Amino acid sequence: MTVLLEMENISKSFKRKNVLKNVTLNVPAGSIVGFVGDNGAGKSTTFKTILGLIKKDEGTVRLFGEEIYGQQSTLREQVGVVFDAINLPAELTIKQLNKVFVKMYSSWDQEAFDRLLQTFHLPVDKKVKEFSRGMSMKLSVAVALSHNAKLLLLDEATGGLDPSSRKELLDELSRFVEVNKGGILLSSHIMSDIEKIADHLVFIKDGEIILTEKREVIQNQYAIVEINEEELSKLEPEHVVTSYKDNNALVVLVSDKRELPENIAVNELTLEDLSVFLARGEKK
Ligand SMILES: Nc1ncnc2c1ncn2[C@@H]1O[C@H](COP(=O)(O)OP(=O)(O)OP(=O)(O)O)[C@@H](O)[C@H]1O
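Residues numbered from 1 in each chain as written. Predicted model: local features only at pLDDT ≥ 70, side-chain atom pairs only at ≥ 80, totals over all residues. Heavy atoms only, no water.

**As for the sheet that holds strand E2 (residues 17-28)**
Strand pairing in a sheet is mediated by backbone hydrogen bonds. Such pairs are either parallel or antiparallel.
Right, on to step 1. In spatial order, the strands read E2-E1-E4; together these three strands make up an open sheet with antiparallel pairing. Looking along the sheet, the strands with just one partner apiece sit at the ends: E2 and strand E4 (58-63). Taking each pair of neighbouring strands and ignoring which way they run, the sheet shows an average axis angle of 15°.
Right, on to step 2. Sheet analysis places strand E1 (residues 3-14) next to E4, joined by five bridges and oriented antiparallel. Residue Glu6 lies in a different strand from E4, and its bridge partner there is Arg62. (Pairing = 2+ DSSP bridges. Helix = DSSP H or I, 4+ residues; strand = E, 2+ residues; numbered from the N terminus. Axes fitted to C-alpha atoms, helices over the stretch in contact; angles between N-to-C directions.)

**With respect to the site of the ligand**
Right, on to step 1. As a matter of local geometry, the ligand sits amid Phe14, Lys17, Val19, Asp38, Asn39, Gly40, Ala41, Gly42, Lys43, Ser44, Thr45 and His189.
Right, on to step 2. Between the ligand and Gly42 there is a distance of 2.9 Å, counted from an oxygen atom to a backbone nitrogen or oxygen.
Right, on to step 3. One of the side-chain N or O atoms of Thr45 is found 2.5 Å from an oxygen atom in the ligand.
Right, on to step 4. Against a free-state accessible area of 640 Å², the protein chains account for coverage of 60% of the ligand.
Right, on to step 5. Elements with a contribution of two residues or more to the shell around the ligand: E2 and helix H1 (43-50).
Right, on to step 6. In terms of residue count, H1 provides more of the shell around the ligand than any other element does, three residues in total.
Right, on to step 7. Per-class residue counts for the shell around the ligand are three nonpolar, six polar and three charged. (Near = heavy atom within 4 Å. Polar contact = N/O pair within 3.5 Å; in protein donor to acceptor, adjacent residues only side chain to side chain. Areas by Shrake-Rupley, 256 points an atom, 1.4 Å probe, with all protein chains shown as cover. Nonpolar A, V, L, I, M, F, W, Y, C, P; charged D, E, K, R; others polar.)

**Brief notes about the confidence of the model for the protein**
Right, on to step 1. On average, residues of the protein score 90 in pLDDT, and 95% of them reach the 70 mark or higher.
Right, on to step 2. Here strand E13 (residues 282-283) stands out as the element of the protein with the lowest mean pLDDT, 59, in contrast to strand E3 (residues 32-36), whose mean of 97 is the highest.
Right, on to step 3. Here the predicted complex scores 0.92 on pTM and 0.97 on ipTM. (pLDDT = per-residue confidence, 0-100.)

Structure (structure tokens):
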């Protein structure tokens, strides 16, 4: 399997604060990796490190199998980027911007761009500064999907979109992965979006990756259960991912609910529950 993005043991400090601690994650071709963590967990810093916008202290970033750190032209062509802060020239219309994109990207796909403008209902004669936040987001995504990039880095790209726009956008992302065999690293606080399209999940907390797993494994095998110390001691340690104490009860995330004794009640696990749990739980 081709791996489009490999981050290995990336660390980064701002002044004395260690904001990324040995971050390791992969984005294989043909996959959508949901990147989940609370505010300030380190998601945007991770994206900026991949793009070389901030300097990492330690570790390796490989894109398309190579360390192409700082090679901005390769990055611009092959990596589609959508960040929360919109960075398009505000005085121009889409029609005017289109001429810039044609010159900027050697593999600009006008047909794809025209189709996306229609899908996202974007006006071509209106100045970007008059766009709503959602419209600007959709324009950024349309551009990212129109220059034959292999990898998309989407930091909160669905935030601020109405439900039908979110659906259109998620459908386009799934199509990109299927048709282009591309890969996507997507951060979002909207767990239902992640649930819909991500096939791998990476959870980050205080700059540390605390869980990397396939979505279907989480949904089929993981469980959050309330047990006591004695029951906990009977579980195989490798099945206990993390836990926290809630008054007298122990709340435990297990990686294989089939290993639990029968008397323990197991509820269906949603990604929303899991993300709240992981933000709270102690590292094992
Ligand atoms: N330029 C900077 N200088 C100092 N500290 C920074 C800088 N950029 C980020 N940080 C700190 O790094 C930590 C991680 O921030 P980051 O923006 O990566 O979080 P995030 O997971 O993207 O959060 P959110 O979900 O709120 O967007 C935070 O504690 C933040 O204050």
